[in-house]
Number of protein chains: 4
Amino acid sequence: MTSSYGTLGVAVVGTGRMGADHVRRINEVISGARVAAVVDIDAARVKHLADGINGCTPYTDPAAAMDDPAVDAVLIASPGPAHEAALLDAFARDLPVLCEKPLTPDAASALRVLEAEQALGHRRVQVGFMRRYDKDYRTLKALLGRRAHGRPLMLHNKHRNADTPPGFTNAMMINDSVVHEIDVTRWLLEEEITAVRVLRPAPTGNAPEGLSDPQLVLFETTGGQVVDTEIFVNCGFGYQVSCEAVCESGTARIGDDHGVFSNTAGRWGGGITPGFVERFEDAYDRQVQRWVDATRRGEVEGPSCWDGYAAAAVCEAGVLAQASGERVAVELIERPALYG
Amino acid sequence: MTSSYGTLGVAVVGTGRMGADHVRRINEVISGARVAAVVDIDAARVKHLADGINGCTPYTDPAAAMDDPAVDAVLIASPGPAHEAALLDAFARDLPVLCEKPLTPDAASALRVLEAEQALGHRRVQVGFMRRYDKDYRTLKALLGRRAHGRPLMLHNKHRNADTPPGFTNAMMINDSVVHEIDVTRWLLEEEITAVRVLRPAPTGNAPEGLSDPQLVLFETTGGQVVDTEIFVNCGFGYQVSCEAVCESGTARIGDDHGVFSNTAGRWGGGITPGFVERFEDAYDRQVQRWVDATRRGEVEGPSCWDGYAAAAVCEAGVLAQASGERVAVELIERPALYG
Amino acid sequence: MTSSYGTLGVAVVGTGRMGADHVRRINEVISGARVAAVVDIDAARVKHLADGINGCTPYTDPAAAMDDPAVDAVLIASPGPAHEAALLDAFARDLPVLCEKPLTPDAASALRVLEAEQALGHRRVQVGFMRRYDKDYRTLKALLGRRAHGRPLMLHNKHRNADTPPGFTNAMMINDSVVHEIDVTRWLLEEEITAVRVLRPAPTGNAPEGLSDPQLVLFETTGGQVVDTEIFVNCGFGYQVSCEAVCESGTARIGDDHGVFSNTAGRWGGGITPGFVERFEDAYDRQVQRWVDATRRGEVEGPSCWDGYAAAAVCEAGVLAQASGERVAVELIERPALYG
Amino acid sequence: MTSSYGTLGVAVVGTGRMGADHVRRINEVISGARVAAVVDIDAARVKHLADGINGCTPYTDPAAAMDDPAVDAVLIASPGPAHEAALLDAFARDLPVLCEKPLTPDAASALRVLEAEQALGHRRVQVGFMRRYDKDYRTLKALLGRRAHGRPLMLHNKHRNADTPPGFTNAMMINDSVVHEIDVTRWLLEEEITAVRVLRPAPTGNAPEGLSDPQLVLFETTGGQVVDTEIFVNCGFGYQVSCEAVCESGTARIGDDHGVFSNTAGRWGGGITPGFVERFEDAYDRQVQRWVDATRRGEVEGPSCWDGYAAAAVCEAGVLAQASGERVAVELIERPALYG
């Protein structure tokens with residue numbers, strides 16, 4: 001992709017926690033798009049939000065926003081029950097959509113959306129199963145895809161949350177939490193899920209009354225694989241998501257704080273980064289982003305000329321020390337006030 | 001920061017490996033900036049590069065590019081010996097600069113730049129010591145800053161490269177490689193380096209003739225700390241950068257593939273991510289970036305309505321299975337051709 | 001315990017792989033016992049074995065061996081179907097027994113043994129579930145026992161073998177392999193198992209025809225816990241046994257090559273050894289055992305006087321170097337031929 | 001080795017912390033030896049100790065103990081300054097000796113011992129550098145020995161103690177602590193140490209007045225290797241000893257709680273145990289030792305017939321569940337009082 005394509009004007013529908021975060025992301029983090037419209041039933045909220053963004057119009061009606069000529073695409077982040085109508089509005093205008101999960105809250109409405117998109121004759125929707133964009137999951141997917149350890153036979157998933165907000169129910173453990181493992185299972189294995197079982201141990205004393213926490217959810221797939229998922233939403237110690245694929249000649253696990261961990265051919269461990277680009281790619285991106293951000297604010301941050309000078313002086317001493325084998329003192333001028 | 005500030009027009013000076021990568025980064029990865037000018041002594045190369053970018057002018061002279069009214073800031077990625085002149089050109093126009101390391105190749109020229117910036121009366125330069133923007137180094141810096149394990153006493157650094165390009169010299173081991181540990185030492189400890197020693201073991205048979213590889217470089221600091229750095233540029237197995245801070249009541253290490261690893265109070269280990277935002281922040285960013293990129297190309301990628309429908313169907317079965325304790329089969333329609 | 005108690009004379013019944021290994025263990029590794037009798041239906045084999053052991057008599061009949069006045073206790077390592085008769089023989093003579101697992105091959109015969117021991121009025125049998133003596137399992141048991149992370153809610157077990165011998169059956173996956181997880185579950189949780197489920201994914205291509213490998217075995221307990229066990233006996237990559245206990249406020253895992261690994265209170269990791277005794281306990285034991293073994297063979301091994309002298313010389317140089325801050329050369333005499 | 005050799009009668013000289021621990025070890029842990037004599041200048045102490053051991057005579061004079069006809073070998077665990085005399089006494093009687101480190105407290109006296117042993121014409125002394133018997137160090141030694149990653153170029157050692165006893169001096173950091181790294185360096189690399197440097201950072205506030213803690217000790221070897229050792233004896237968090245060998249094509253590290261950790265050929269990690277014998281070797285040893293110990297005390301411990309019966313019953317249910325794919329309940333009799 002090059003910048004010869006125009007900047008994408010996005011309408012963000014729904015400006016709650018996820019929607020507001022997507023507005024910030026499009027404005028400040030990613031390249032090639034801008035927020036052209038924001039939509040929320042709360043008119044005051046959406047007006048305030050739009051006021052802070054160059055060229056952004058507030059709407060309370062998704063269809064009206066989609067009619068705005070500055071809008072090229074739609075990001076739906078409203079509550080699940082509002083998704084179907086917004087998706088149909090976008091289809092009516094043939095607009096591309098990024099729709100936060102769930103697509104819709106139940107299978108019947110999802111099927112209606114599916115049929116509407118087919119009526120268009122081409123895909124318009126990307127669903128927000130963001131784990132497919134996680135670096136570790138992608139590496140695991142690639143490893144499975146090239147059959148690095150043979151065919152996958154089982155998956156062991158763990159999905160742990162420190163605690164739950166008020167009102168969290170057993171059904172939400174499936175619909176809001178395990179739904180990610182449902183997508184991960186289908187995506188990693190490239191098979192559909194054919195059956196589900198749920199085992200419910202005696203619950204932790206830390207769960208609210210009525211919540212059966214943890215649970216063990218078991219999937220069978222069209223490929224004959226068995227998948228188990230521990231879902232534990234009041235584990236107390238933090239957020240932790242892991243996935244171990246058991247394959248014919250090895251296993252591969254992600255989510256234990258060290259990239260992909262494999263057992264194979266008599267060795268446990270993982271891969272070593274081949275070079276500095278892979279190791280420090282994110283640092284390079286962040287460095288330039290911070291410089292651009294500070295410069296646009298009229299500020300200067302980060303390593304200074306003093307840092308550059310001091311490094312040069314130590315390098316000179318280092319090269320002398322290397323040649324002589326002796327201790328070499330480093331000489332610096334007094335630190336100027338500008339770099340104080 | 002909000003988008004009420006204008007997009008920053010950047011002149012990229014030098015379009016070799018690093019410069020070309022910065023052009024790509026500004027165009028495709030980060031937010032709020034665009035490449036307004038590219039500069040290289042190779043006129044054909046720079047013309048070709050500019051042709052692919054909307055509103056970008058090619059130059060062979062840095063000063064001319066800096067006079068372009070579309071240019072708000074300068075990113076210097078030319079070879080080190082060319083930095084001083086380009087920096088002085090930018091100072092003459094009072095332009096903000098991101099200058100790749102080294103600031104300049106030696107202490108005397110760095111001092112001249114330092115004095116020129118002081119004459120301006122304000123900072124204009126950010127030097128490209130990008131490790132300061134690495135997530136792990138930042139976490140380590142924060143841990144040291146809050147004296148989590150008491151005062152730092154020593155640093156143990158390891159800096160390993162798989163191999164070296166032709167012509168790599170002993171001096172380059174200091175100037176191009178250890179220079180990062182020099183900056184990291186000064187930045188993490190907030191002390192200057194006062195003396196250097198270099199110990200040179202019998203070299204590996206895998207190093208080119210004349211290269212004394214590996215070496216052990218020792219720093220002393222104004223704060224009395226001792227810092228050792230293994231520099232091994234033909235280690236063969238990959239790229240690996242690690243840093244262990246030994247403090248009064250614990251140690252903290254980064255670079256071993258699992259965030260910050262601490263020894264403290266009878267326990268080894270690291271921190272658990274508190275929530276999904278921290279864990280999947282990058283995935284969210286990548287998800288939206290990929291959607292924007294695909295949309296601008298006129299394509300649709302990623303999880304489809306079929307994925308949304310299948311997830312909804314499995315969730316429904318899961319909630320039934322949860323309530324009944326039994327195996328519940330999942331019913332799906334035939335997969336439509338559109339999602340084949 | 002002190003050596004004022006006499007050395008225990010043990011009859012080892014069955015001298016196949018496990019029996020022969022127990023003979024070696026009693027002779028060469030542990031303290032306080034000797035092999036007084038060996039029993040096998042193969043008379044030549046048992047004669048040959050006994051000939052190599054001081055004061056050891058060969059038998060083909062377990063009962064005859066148990067009548068030998070030199071026999072104080074019995075170790076049963078014969079095939080499972082022979083256990084019941086040998087146990088009843090030992091009960092008839094009121095002899096202490098260490099019986100390799102299984103106690104007997106089925107529940108009915110095990111019940112008969114149970115009743116026979118009760119008729120004696122006191123316990124005489126220790127069953128060879130040796131995982132209860134593994135350092136990591138013991139640490140995990142202790143952690144659960146003191147409710148370090150609250151009540152245990154689930155166990156996740158993995159039991160992997162590189163491959164199976166000819167003739168290995170699905171039933172043997174339960175009776176010979178998962179039997180260890182059965183004991184571990186009962187011992188760690190201090191609950192009985194109330195129900196079992198087995199899920200059988202499409203098998204690996206590396207398993208012999210007819211073997212459903214891997215399988216997922218699910219237990220429910222009297223305490224309401226749910227336990228899953230991956231049993232995978234042709235995993236190819238090695239032998240690996242792990243167990244993760246999921247508790248109310250943390251998890252603890254063993255078997256991943258680093259002692260007990262916990263998630264708790266925002267941190268992952270494990271415990272640091274408090275002192276050198278714990279760290280090098282085994283090394284001390286091995287050191288003295290090797291010295292005794294070599295001495296009894298009339299040999300001298302291990303670190304020599306030369307090693308002691310060289311260490312003393314380096315220490316002297318080290319103390320000088322410590323005081324002076326300078327490089328101090330170490331002076332050694334020529335290495336004498338005796339230490340060549 | 002077989003038990004056709006007689007049990008070795010050992011005189012333990014010195015019954016302080018280390019000596020008393022060796023007495024326990026010979027009596028209760030290892031095979032093939034017994035404590036025939038104990039020696040200490042404290043007559044009451046040594047009498048009390050000998051009273052608790054079958055056939056053990058107390059002495060206050062090492063030479064007298066060595067004249068005891070029940071004594072076949074000598075273990076010297078007295079303070080370092082007493083070693084030379086005891087060693088010469090043992091040489092005079094041509095007795096095998098295991099001598100705790102240090103051989104003697106300085107190079108001159110060590111040289112006298114060396115010459116005395118040469119006068120005997122054969123080796124009689126094993127020095128107590130017990131790290132050579134540690135499983136991890138032995139694995140590292142073997143890996144270096146077979147040049148698994150090419151020639152070793154550097155060692156990075158860390159030696160950390162939680163705190164120091166009163167009176168601990170800078171010289172003791174070398175003589176009592178770093179002496180282990182001195183031996184490890186010589187043993188792993190099979191080279192002598194040719195020079196020493198010591199760098200002393202500003203000390204931790206947790207060290208007693210006058211102790212320069214931590215320090216960085218640097219060795220050069222006859223083979224041209226460079227070895228650094230962090231010695232930190234008031235680190236606070238526990239006891240930790242690690243060693244990383246940097247070789248031509250990979251590194252190998254021990255002491256980080258997971259056996260040998262290697263970087264090589266694009267992968268980090270370690271080896272997987274090939275089979276259950278290697279994994280549970282120690283558990284088997286401990287199991288039988290505990291059974292022998294309990295039996296000699298007239299007690300029965302460990303897994304009972306009830307455990308054997310319960311396992312058999314669950315196995316039966318498991319095999320049924322495996323065949324049917326259904327949940328199978330486990331039926332147990334009431335637990336008899338004998339196993340309560």
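Residues numbered from 1 in each chain as written. Chains lettered and ligands numbered in written order. Predicted model: local features only at pLDDT ≥ 70, side-chain atom pairs only at ≥ 80, totals over all residues. Heavy atoms only, no water.

Student: What is the right way to read the relation of the copies chain D and chain C from this model?
Tutor: Put simply, the second copy of the chain is the first one after a rotation about an axis and a shift along it. When chain D is fitted onto chain C, the two copies agree to an RMSD of 0.1 Å after a turn of 180 degrees and an axial shift of 0.0 Å. What the superposition gives is, in effect, a two-fold axis relating one chain to the other. The overlap is high: 100% of the interface residues of chain D also sit at the interface in chain C, so the same surface is used on both sides. (Least-squares fit on C-alpha atoms with pLDDT ≥ 70 in both. Contact = heavy atoms within 4.5 Å.)

Student: Would you mind showing me how to read the pairing of strand β12 (residues 250–254) of chain B here?
Tutor: Moving residue by residue along a regular strand, the side chains alternate between the two faces of the sheet. All names here are of chain B. Most of β12 sits inside the fold, with five of its five residues counted as buried. Burial along β12 is two-sided: the residues Gly250, Ala252 and Ile254 and Thr251 and Arg253 are all buried. In the sheet, strand β11 (residues 240–247) pairs with β12 via five bridges, with the strands oriented antiparallel. Paired with Cys247 across the two strands is Gly250, which belongs to β12. The antiparallel hairpin formed by β11 and β12 contains two residues in its connecting segment. (Buried < 20%, exposed > 50% of the residue type's maximum accessible area, 1.4 Å probe, protein only. Helix = DSSP H or I, 4+ residues; strand = E, 2+ residues; numbered from the N terminus. Pairing = 2+ DSSP bridges.)

Student: Teacher, can you tell me more about the UniProt feature "domain: Gfo/Idh/MocA-like oxidoreductase N-terminal" (unreviewed entry) in chain A here?
Tutor: The UniProt record annotates "domain: Gfo/Idh/MocA-like oxidoreductase N-terminal" (unreviewed entry) at residues 9–129 of chain A. With 42% helix and 22% strand, residues 9–129 of chain A has its two end C-alpha atoms placed 22 Å apart. (UniProt positions renumbered as here; feature names shortened; annotations may be inferred.)

Student: Can you help me understand the relation of the copies chain C and chain A in this one?
Tutor: The transform that puts chain C on chain A rotates by 179 degrees and translates by 0.0 Å along the axis, for an RMSD of 0.1 Å. An overlap of 100% is found between the interface residues of chain C and their copies at the interface of chain A, pointing to a shared contact surface.

Student: Sorry if this is basic, but what is going on with the interface of chain D and chain C here?
Tutor: Often the size quoted for an interface is simply the accessible area lost on bringing the parts together. Taken together, the contacts link 147 residues of chain D with 148 residues of chain C. Note on chain D versus chain C: buried area summed over both sides is about 13,300 Å², and carbon and sulfur give 62% of it. Taken together, the connections running from chain D to chain C amount to eight salt bridges. Across the salt bridge formed by Glu220 of chain D and Arg327 of chain C, the nearest N and O atoms sit 2.8 Å from each other. Taken together, chain D and chain C are joined by 24 residue pairs in polar contact (both at pLDDT 80 or more). For the side of chain D that touches chain C, the per-class residue count stands at 75 nonpolar, 37 polar and 35 charged. As judged from the two bridges shared by strand β8 (residues 193–199) of chain C and strand β15 (residues 328–329) of chain D, these two strands associate in the antiparallel manner. Its bridge partner lying in β15 of chain D, Ala195 of chain C is registered against Ala329 of chain D. (Buried area = accessible area lost by both parts, 1.4 Å probe. Salt bridge = Lys/Arg side-chain N within 4 Å of Asp/Glu carboxyl O. Polar contact = N/O pair within 3.5 Å; in protein donor to acceptor, adjacent residues only side chain to side chain. Nonpolar A, V, L, I, M, F, W, Y, C, P; charged D, E, K, R; others polar.)

Student: Where do I start with the domain arrangement of chain A in this structure?
Tutor: Each assigned domain of chain A is listed here: domain 1 (8–128), domain 2 (132–269) and domain 3 (302–340). Taking only C-alpha atoms, the centre of domain 1 of chain A and the centre of domain 3 of chain A are 54 Å apart. (Domains from an automatic or database assignment.)

Student: What is the right way to read the sheet that holds strand β2 (residues 33–39) of chain D from this model?
Tutor: Strand pairing within a sheet occurs via backbone hydrogen bonds; the two strands may be parallel or antiparallel. Residues and elements named next belong to chain D. Ordered in space as β3-β2-β1-β4-β5-β6, the six strands form an open sheet in which the pairing is parallel. Each edge of the open sheet carries a strand with a single partner, namely β3 (57–59) and β6 (125–127). On average, each strand axis in the sheet is inclined to that of its neighbour by 25 degrees, with strand direction left out of account. Sheet strands touched by helix α1 (residues 17–28): β1 (8–13), β2 and β4 (73–76). Its angle to β2, the strand with the most contacts, is close to 155 degrees. (Axes fitted to C-alpha atoms, helices over the stretch in contact; angles between N-to-C directions.)

Student: In this structure, what is going on with the sheet that holds strand β1 (residues 8–13) of chain C? I would like to understand it.
Tutor: Residues and elements named next belong to chain C. The sheet built from six strands is open, its strands ordered β3-β2-β1-β4-β5-β6 with parallel pairing. Two strands close off the open sheet at either side, each with one partner strand: β3 (57–59) and β6 (125–128). Strand-to-strand twist across the sheet, computed as the mean angle between neighbouring axes with direction ignored, equals 25 degrees. With respect to the sheet, helix α1 (residues 17–28) is in contact with β1, β2 (33–39), β4 (73–76) and β5 (97–100), its orientation differing from that of β2 by roughly 150 degrees.

Student: I would appreciate a short explanation of the interface of chain C and chain A in the present structure.
Tutor: On the chain A side, the residues contacting the 45 residues of chain C number 45 residues. A combined buried area of about 3,300 Å² lies between chain C and chain A, and 58% of that area is made up of carbon and sulfur atoms. Among the residues chain C hides against chain A, the three largest losses belong to Leu199, Phe237 and Glu248 of chain C. Together they make up 16% of the total. Remark: the boundary between chain C and chain A carries four salt bridges. Glu244 of chain C is the partner of Lys158 of chain A in a salt bridge, and the nearest nitrogen-oxygen pair spans 2.6 Å. Our enumeration of links across chain C and chain A arrives at 14 residue pairs in polar contact (both at pLDDT 80 or more). Counting only elements with at least two residues in the side of chain C that touches chain A, the list comes to β7 (152–160), β8, β9 (215–221), β10 (226–232), β11 (240–247), β12 (250–254) and β13 (261–264) of chain C. Top contributing element to the side of chain C that touches chain A by residue count: β7 of chain C, with five residues. Class assignment of the residues belonging to the side of chain C that touches chain A gives a composition of 17 nonpolar, 16 polar and twelve charged.

Student: Is there a simple way to explain the packing of helix α6 (residues 135–145) of chain D against helix α7 (residues 170–189) of chain D in this structure?
Tutor: Helix-helix packing: each pair is described by the crossing angle between the helix axes and the interaxial distance. All names here are of chain D. Here α6 crosses α7 at 35 degrees, and the two axes come no closer than 9 Å. Of the residues in α7, those in contact with Tyr137, Arg138, Leu140, Lys141 and Leu144 of α6 are Val184, Trp187 and Leu188. In terms of residue class, the contact of α6 with α7 is built from six nonpolar, no polar and two charged.

Student: Honestly, the packing of helix α7 (residues 170–189) of chain C against helix α9 (residues 305–324) of chain D in this entry has me stumped. Any pointers?
Tutor: The N-to-C vectors of α7 of chain C and α9 of chain D enclose an angle of 130 degrees; their axes lie 9 Å apart at closest approach. Comparing their axes, α9 of chain D and α7 of chain C come out oblique. In terms of crossing hand, the pair formed by α7 of chain C and α9 of chain D is right-handed. Touching Asn170, Ala171, Met173, Ile174, Asn175, Val179, Ile182, Asp183 and Arg186 of chain C of α7 of chain C are Trp306, Asp307, Ala310, Ala311, Val314, Cys315, Gly318, Val319 and Gln322 of chain D, all from α9 of chain D. (Parallel < 35°, antiparallel > 145°, perpendicular 65-115°, else oblique. Left-handed = near helix turned anticlockwise from the far one by under 90°.)

Student: What is the right way to read the side chain of Arg131 of chain D from this model?
Tutor: Tracing the chain through its elements places Arg131 of chain D in the loop between β6 and α6. Those residues in contact with Arg131 of chain D, other than ones at most four positions away along the chain, are Phe280 of chain C together with Tyr137, His159, His180, Glu181, Val184, Tyr239 and Val241 of chain D.

Student: In this structure, what is going on with the pattern of salt bridges? I would like to understand it.
Tutor: Should their charged atoms come close, side chains of opposite charge can pair. Residues and elements named next belong to chain B. Inspection of every chain in the model, using the stated rule, returns 81 salt bridges over all chains. When the shortest N-O distance is used, the salt bridge between Arg93 and Asp67 registers 2.7 Å. Taken as a pair, Arg93 in the loop between α4 (83–92) and β5 (97–100) and Asp67 in helix α3 (residues 62–67) lie far apart in primary sequence, 26 residues in all. With a relative accessible area of 51%, Asp67 lands in the exposed category.

Student: Would you explain the environment of Glu191 of chain B in this entry?
Tutor: Residues and elements named next belong to chain B. Topologically, Glu191 is positioned in the loop between α7 (170–189) and β8 (193–199). The exposure class assigned to Glu191 is partly exposed, which follows from its relative accessible area of 25%. With 31 residues separating them in the primary sequence, Glu191 and Thr222 have C-alpha atoms 5.7 Å apart. With sequence-adjacent residues up to four places away left out, Glu191 is seen in contact with Arg186, Thr221, Thr222, Gly223 and Gln225.

Student: What exactly am I supposed to notice about helix α9 (residues 305–324) of chain A here?
Tutor: Along an α-helix, residues three or four positions apart point the same way, because every turn accommodates 3.6 residues. All names here are of chain A. The end-to-end C-alpha distance of α9 is 29 Å, a good match for the 28 Å that 20 residues give at a rise of 1.5 Å each. Counting buried positions along α9 gives 15 out of 20 residues, so the element sits mostly inside the fold. Gly325 occupies a position one or two residues after α9 and carries a positive phi of about 75 degrees. (Expected span 1.5 Å × (residues − 1).)

Student: Mind showing me how you'd approach the pairing of strand β7 (residues 152–160) of chain A here?
Tutor: Residue and element names in this part refer to chain A. Taken across its nine residues, β7 has nine buried, putting it largely inside the fold. With eight bridges connecting them, β7 and strand β11 (residues 240–247) associate as antiparallel partners. Its bridge partner lying in β11, Arg160 is registered against Gln240. Note that β7 and strand β10 (residues 226–232) share seven bridges and pair parallel. Paired with Leu155 across the bridge in β10 is Val227.

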